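# Chain and residue survey
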Amino acid sequence: MQRDARKAAVSAYKKREEAVGIYAVRNAATGTVWVGKSLNLDAIENRLWFTLGLGSCTVKSLQLEWDRHGAAAFRLDVLERLEPEELPYIRDALLKERCLHWRTELSAQSV
């Protein structure tokens, strides 16, 4: 009985729609903002904080400020969630367009 419930839960998890969209990382100590796009907004903060904590973030300016100010100075905000697109190339083009819009709007760097 529990095995069937577990299988059903795993199946439902795999079928869920992932939140696609644009996010901002903000350093409260300096006011610096970075904007990025993600196919999984629910997981992006954990991924970024993990790489920053290891010192392996590929965005050098973000890694330098993280090292200087620490995790407590940073927050991640979801700026925009996009509607699910069936065609990946349309989704990717829309993500690129909206990410550029937010970078310009916030005078932000790229993640």
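This report concerns the structure included in the present document. Note that this is a predicted model, so its numbers are computed, not measured.

## A few points about helix H3 (residues 60–69)
For H3, the complete set of buried residues consists of Leu62, Gln63, Glu65 and Trp66. Buried residues of H3 fall within an arc of 165° about the axis and therefore sit on the same side. With respect to the buried face of H3, the exposed residues turned more than 90 degrees away are Lys60, Leu64, Asp67 and Arg68. Close packing links the buried residues of H3 with strand S1 (20–27), strand S2 (33–38), helix H2 (41–54) and strand S3 (74–82). Remark: Gly70 follows H3 within two positions and exhibits a positive phi of approximately 85°.

## Quick word on the pattern of salt bridges
Counted under the stated rule, the structure contains 4 salt bridges. With its nearest N and O atoms 2.9 Å apart, the salt bridge here joins Asp77 to Arg75. By relative accessible area, Arg75 is classed as partly exposed at 46%. With its nearest N and O atoms 2.9 Å apart, the salt bridge here joins Asp92 to Arg91. You can call Arg91 partly exposed: its relative accessible area is 21%. Here the residues in one salt-bridge network are Arg26, Arg75 and Asp77, joined through shared partners.

## Observations regarding the layout of surface pockets
Remark: the empty space left among the atoms is shown by a probe the size of a water molecule rolled over them. Each pocket or cavity is described by its volume, and for the largest pocket that value is around 150 Å³. Lining the largest pocket, in full, are Tyr23, Gly36, Lys37, Arg47, Leu48, Thr51, Ser56, Cys57, Thr58, Val59, Arg103 and Val111. Of all the elements in the fold, those that place two or more residues in the lining of the largest pocket are S2 and H2. Per element, the largest residue contribution to the lining of the largest pocket is 3 residues, and it comes from H2. Residues belonging to the lining of the largest pocket are distributed by class as follows: 5 nonpolar, 4 polar and 3 charged.

The rules we used
- Residues numbered from 1 in each chain as written.
- Predicted model: local features only at pLDDT ≥ 70, side-chain atom pairs only at ≥ 80, totals over all residues.
- Heavy atoms only, no water.
- Buried < 20%, exposed > 50% of the residue type's maximum accessible area, 1.4 Å probe, protein only.
- Helix = DSSP H or I, 4+ residues; strand = E, 2+ residues; numbered from the N terminus.
- Arc of directions from axis to C-beta.
- Contact = heavy atoms within 4.5 Å.
- Salt bridge = Lys/Arg side-chain N within 4 Å of Asp/Glu carboxyl O.
- 1 Å grid on protein atoms, 1.4 Å probe; cavity = no way out; pocket = protein on both sides within 12 Å on 5 of 7 lines; lining within 4 Å.
- Points joined across faces, edges and corners; volume = space filled by probe spheres on them.
- Nonpolar A, V, L, I, M, F, W, Y, C, P; charged D, E, K, R; others polar.

Distances and angles like these do not, on their own, reveal function.
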